[in-house]
Each structure stands twice: as C-alpha cells, then as structure tokens.
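# Survey of secondary and tertiary structure
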Amino acid sequence: DVRTLGAVLVDNAAYTDVTGYLSLPPAAYTLAVTTATGDPVARFEADLAGAGGRAVTVLASGFLTPAANQNGAAFGLLAVFADGTTALLPAAPPAATVQLQIIHNAADPAAAQVDVYVNGVRLLDDFAFRSATPFVALPANRDLAVAIAPRTSTSAADAVFTRTFNLRPGRYQVVAQGVLAPAAFAANPDGRPTAFQLLAAANVPEAATTPEDGLVRVIHGATDAPTVDIRSGGAILFDDAAYTDVTAPIEVPAGTYPLLVTTGAGASVAAFSATLSGRAAVTVLASGFLTPAANQNGPAFGLLAVLNDGTTALLPAIPQTARLQVIHNAADPAAASVDVYVNGARLLDNFAFRTATPYIDVPADVALSVAVAPGTSTSASQAVLTRSFTLPTGSTTQLIATGVLTPAGFAPNPGGAPTALDLVVGAAARETSEDPNLVRVRVVHGATDAPAVDVLANGGLAVDDAAYPAVTGYLPVDAAFYTLAVTLADGSATVASFDADLTAAGGAALTVLASGFLTPTANQNGPAFGLLAVFADGTTALLPGAVSAEEAPAPGTFALGAPAPNPLAAAGAVAFSLRAPGRATLALYDALGRRIAVLADGEFSADRHEAPLDTAGLAAGTYVLRLQTDAGARTRTLTVVR
C-alpha cells in the first residue's frame, strides 16, 4: 500500500500492477510504503507543490534486498514525467507523529454522512454519524487542514467546514459536533454556541493501568442538553459537564454499571447501562438531541461509547425506575388493614399493620400520588390520606405509614409532635450491607405516645434522642446477638428491653421500628409497644419481648434458671425446663453479642434439663445465656471471674 496523511492512496499493489491515475492537489507529500497489513517498508518525500497540471508516474524500482539480488540497485520510488524527466524521490526521515482518531458526533440530519479531507486528500468517504476511525498516524508539528464536505463531494473545495490543526506528538480525538445552521435548531440551555465544529481532545488514554480496571472519559456533544452530572449507584462520576466539555478520565473496576444522566440539581435526564471490560479505554459521548422535534427531527439523545479501535455502540437505555418499600406501622385499630393506591391503581389490597412489601421498581422522576384507603375501598377516591412523591432514578426509598386517623381520640405525643396519619419518607434506604459480616440497621420511631428515646445495644449507645417520627441513618453492626434497651432520652428509666439475634443476618439491611402504643388503654386498646424488624424482602418480625399480651407464651411454658454458681470461676451448670416437648437451643454469647458456645441444642422432653458450663478459655467478664424455644426466648447474665 502507499499512504499519505493516514489515507490509502494505493491499495494492495503487487508486482507488475499498474494503477489508474489519482488526482491530488499540488502540495508536498510524505509517502509511506507499507505491506498490505500495514507494516512499514520505506518513506519518501514527494514535493508536488509546483506540479499542478502535470501527470506523473511513480514506479517502485530496484531491490528491497540488494545483497540477495547480485547487489543490484536499492529500492526506491522513481518519478517519471511526460517529458521523460525522471527523479528518485528522496527518502523521508522518521517523522514525529500524532495518533489521531476521528469521531462523527454532529447530529444535524444534513450531516448524517460526510467526506473528510486532510490537506486536500480524502481520508474518509461517506463517514456516518456515530461512527469513528481507529487511531491513525499523522505528521506532528505541521499544519493539518481537516475539511468536512458533503458526502457527494469531489474534492476538499466542496467543504462546508475546515479547521487547521498543528498537533504535538501524542494521542488525540477530533470530534465533529454541532449543527450547520444553529438558528434552525434549539439553542443550548447554557448559552454555548452550537455551530458545527471540530473539537480536538488531547491526552486520550490508551488503556487502564491494571487488568481489573477500565478507563472512561466523557465528551458532552448534545447541543440542546444542559450541564449534566453522570451518576452510578448514587455516586457522581462526572460533575457539571456542559456542552463541548471533555472530562478527565477516571479508572473504575470492570463490570456493568447503571449510568444516570441528571441535571446538576439531580433531576433525571436519561438512564443507561454500561459494561466496561478490564484494560479498556472508552470515550462516552452525549450524542443526539434531547428534543428531536425541536431539532429537525434529528436523532434522539443517547450515550455513544467509542473504543480505541474505532468500534462504536450506543449504550442501552434502561427504564428510569426507583426502588420502593412500603411499611404499615400505623397502630390505629381503625387502620389495621388498608388499601394502598398509586396514581389511582391499587398497589396493595388489605395491607395489614406490621407488614411490609419487598422492594419493588416504581417509575422515577414522575409524580406518584400515593393514597391510603380503608381495607374495604373500591377506588382511590375513598382515600383517608393522599400524598405525592417524586423519587429520583436509581434511588431506594421506604414509605412508612404511621400515626392515627383521629388524633383527638388518642394520647398526644409527649414531645408535641403531630400524630395524624402520615407517610414518613425513609430516604437513602438500603437493601443489603456491603460487608457480609456486618448488618446495616436503621431505626424508625413510630410510636405516637412514646417520648424521645435512646436505644442501647448490649449496654452501648446505638441511637441517641430519637423522637417521633424520626428515621435514623444506617448503623453498621456485627452479625451477633444483642440485648436492646429502649430508655428515656435522659436515661432516667428503661421503657422496654428486647432480644435481637442477628447472628445469621450478615450482609442484610434491617429497619427496626418502634411500633404500637406504650399505653394501649389510652389509645383505644390498640396494639402494645414493641420493636418491629423489617427486612428488604418484606419479612417482618416482632423482637422477643415486643409481643402483645395475647401473643405471649403462657406463663410457665418454659424457663431458664440462673447459672450456678454466678459469678463463675471454673465449671458450673445452668438448668432450663419445658412444660411441653419441643426444640430448644441454649447458647452463650460474649458482651459484643458473638455466639461463643452452644450448650444444648435439639428436641427435649417436657422436663427439667441441665447443661454444663465450662469457662476454661474464657476471659473474665460478662456473658449472656440465651434459651430459644418454640414458645419464645429467655436470657440470663453470667459473670466469669478469674
């Protein structure tokens, strides 16, 4: 092949081939002779600046390997003119080069296909919108006139736009973007010029530094789009990118990511899915029009991924959805079962107190009218409460029904908070813990007649001064067993204590709600106070000790005796009894809630049983004995001394 400025002038010429004539502007050229696969053979200078109007024949002449050919003449290019004049073209020294990739991202329908010339030589023919070249080598430190012409052009003289670049050695992208007649298109919201242009983006990364990561950078090329952020998983990857901006590359682990394009205020523009391979370097371009109807029905907005080899692909759009969990924690007996409607459609039928949905996908960035109606309702028009919410794309939220229908008929809140039926928003909710050894726990104060409280876990302060209807952030806790004490905020009294066995909950996210009434008799005999645990899959459970009187095990169905002796220095025993045959587990936990021994586990008869206690290997301190049976759980404290 014979190439110049990256363009192939002669393709696959074999010995004895004679090509047709090429028409070139009179200028100085560097000719690169390569194998058909692109391997270099030789470089020559051809100064045709004064040869306008002439015809010249260039011959591959001589031997590539003179020593193997009787020491004949060395290889060269021989120029022959019509008057018989001949001249060997001078060899060209190795030249500094730039690696250049050209990307067509101009969405104007009139530029759907273009021809591209460099210094008058056609480099690309019928170059289509949203396509790209691989990186090609072009001379550095010299003027390169890049001309864009209609696809029907015959020479660079037909160009509609020309820009001259003089680039130092390096890796560049030249991106065609904008529109040919800006007055006929929507203006840029930030007031930036939208006329057709060639944007030179320098420092294009070649690859990520590690095989586990990929490199991504963004070019904002959508003329009618505002300044945007690009987010994934709640994190902002690219901040405040306006039209024509080129971001610095970032390195991220290989994988599949949801990419959310939002305004700076967080309003969603569009959402896409992107899969990034290890080592890959990808340029992502905002491409097309947000409002095609206002832009001559040009192509719709998308994110265009461009690889270094010239491969391009539009990232697949994903539905703009949010994740939502609904929890019924309104203890008013009149709301024991409700219907829930969203935008007039029934979402939940006969939704019971102390139940929850799993997280579900709902439309994002649109108003959602959530209506709560009696369990006997036939439509949202019978709602007793209606509230509107707009959930951002990719967000995870809890809506928690709490309060009472007629506050005057119930005890007031001690802190003066309104207690009317409401939907409390638990924003930034989580479905899992990022660590399989940790549980993420948030607390919701949902008991209308309860004062501000603290929550102590194994004696340590976990939640401070939570007042109705507070929703806390998530606490990371070990997957262990805890005794939770709900105390008045000033610490003067304990409201109630509960057991929370989280030993098997590693990797989960959990919401614990103060639920029911401290004084049922003052609240229409509604359900008694307790702690309700809600998991991401909608599973709910009252923590032991939080059950109401009618749900509690009958007195004497099982018992856990005090360890003897206590304090214990060496060996001892602990007794437990069952009034009915059943399964029982007796375990020992340390002060951090970690299970360190199982003393008894299995099916037991209705009788008194005794399990040995051996403290060998245990440090001095306080431990918890917990008996779990089919009828409930009991705990005792054990002190080990040395």
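Before reading on, note that the structure itself is shown above.
In this text the structure is predicted, and so the values were computed from the model without any measurement. (Residues numbered from 1 in each chain as written. Predicted model: local features only at pLDDT ≥ 70, side-chain atom pairs only at ≥ 80, totals over all residues. Heavy atoms only, no water.)

The subject of this paragraph is the pairing of strand 37 (residues 481–488). When you tally the buried positions in strand 37, you get 6 out of 8 residues, the bulk of the element. Relative to strand 37, strand 34 (residues 453–457) runs antiparallel, the two being bridged by 5 bridges. The residue of strand 37 that forms the bridge with Val453 is Leu488. Two strands pair when backbone bridges link them, and strand 37 and strand 38 (residues 494–501) are joined in this way by 7 bridges, in the antiparallel orientation. Bridge assignment links Val486 to a residue of strand 38, and that residue is Ala496. Counted between consecutive antiparallel strands, the loop separating strand 37 from strand 38 contains 5 residues, among which Gly491 sits at a positive phi close to 75 degrees. (Buried < 20%, exposed > 50% of the residue type's maximum accessible area, 1.4 Å probe, protein only. Helix = DSSP H or I, 4+ residues; strand = E, 2+ residues; numbered from the N terminus. Pairing = 2+ DSSP bridges.)

Positionally, His445 belongs in strand 33 (residues 438–445). By relative accessible area, which is 2% here, His445 ends up buried. Of note is the side chain of His445, whose polar atom sits 2.9 Å from the backbone oxygen of Pro451. Not counting residues up to four positions away in its chain, the partners in contact with His445 are Ala450, Pro451, Val453, Ala466, Ala467, Tyr468, Pro469, Ala470 and Ala514. (Polar contact = N/O pair within 3.5 Å; in protein donor to acceptor, adjacent residues only side chain to side chain. Contact = heavy atoms within 4.5 Å.)

This next bit is on the nonpolar core. By size, the foremost hydrophobic cluster in this structure holds 38 residues, and its most contacted members are Leu31, Leu89, Leu100, Ile102, Val116 and Leu198. Among the elements that take part in this core, strand 10 (residues 121–128) stands out by supplying 4 residues, more than any other. Those residues in contact with Leu31, other than ones at most four positions away along the chain, are Val2, Arg3, Thr4, Leu9, Ala42, Arg43, Phe44, Ala46, Leu77 and Leu89. By size, the runner-up hydrophobic cluster in this structure holds 23 residues, among which are Ala222, Leu259, Val269 and Val282. (Core = buried A, V, L, I, M, F, W, Y, C linked by side-chain atoms within 4.5 Å.)

Okay, the environment of Leu510 next. Tracing the sequence through the fold places Leu510 in strand 39 (residues 509–515). Expressed as a C-alpha distance, the spacing of Leu510 and Phe44, which sit 466 residues apart in the sequence, is 73 Å.

Here we have 4 strands laid out as an open sheet, ordered 11-8-14-15, and mixed in their pairing. For this open sheet the edge positions go to strand 11 (136–139) and strand 15 (197–201), each flanked by a neighbour on one side alone. Strand after strand, the sheet turns through a mean of 35 degrees between neighbouring axes, direction not considered. Relative to strand 11, strand 8 (residues 97–104) is paired through 4 bridges, and the arrangement is antiparallel. Bridge pairing links Val98 to Leu138 in strand 11. (Axes fitted to C-alpha atoms, helices over the stretch in contact; angles between N-to-C directions.)

A complete count under the given rule lists 7 aromatic pairs for this structure. Aromatic pair Phe410 and Phe517: ring centres 5.8 Å apart, planes at 25 degrees, arrangement stacked. Of the two residues, Phe410 is situated in the loop between strand 31 (396–402) and strand 32 (422–426) and Phe517 in the loop between strand 39 and strand 40 (530–535); the sequence distance between them amounts to 107 residues. Here Phe410 matches Phe517 in class, with each residue buried. (Phe/Tyr/Trp six-rings, centres within 6.5 Å; stacked < 30°, edge-to-face > 60°.)

What follows concerns the pattern of salt bridges. Going through the model one piece at a time under the given rule, you end up with 17 salt bridges. A salt bridge links Asp115 to Arg122, with the nearest nitrogen and oxygen atoms 2.8 Å apart. Residue class for Arg122 comes out partly exposed when judged on its relative accessible area of 31%. When the shortest N-O distance is used, the salt bridge between Asp125 and Arg122 registers 3.3 Å. (Salt bridge = Lys/Arg side-chain N within 4 Å of Asp/Glu carboxyl O.)

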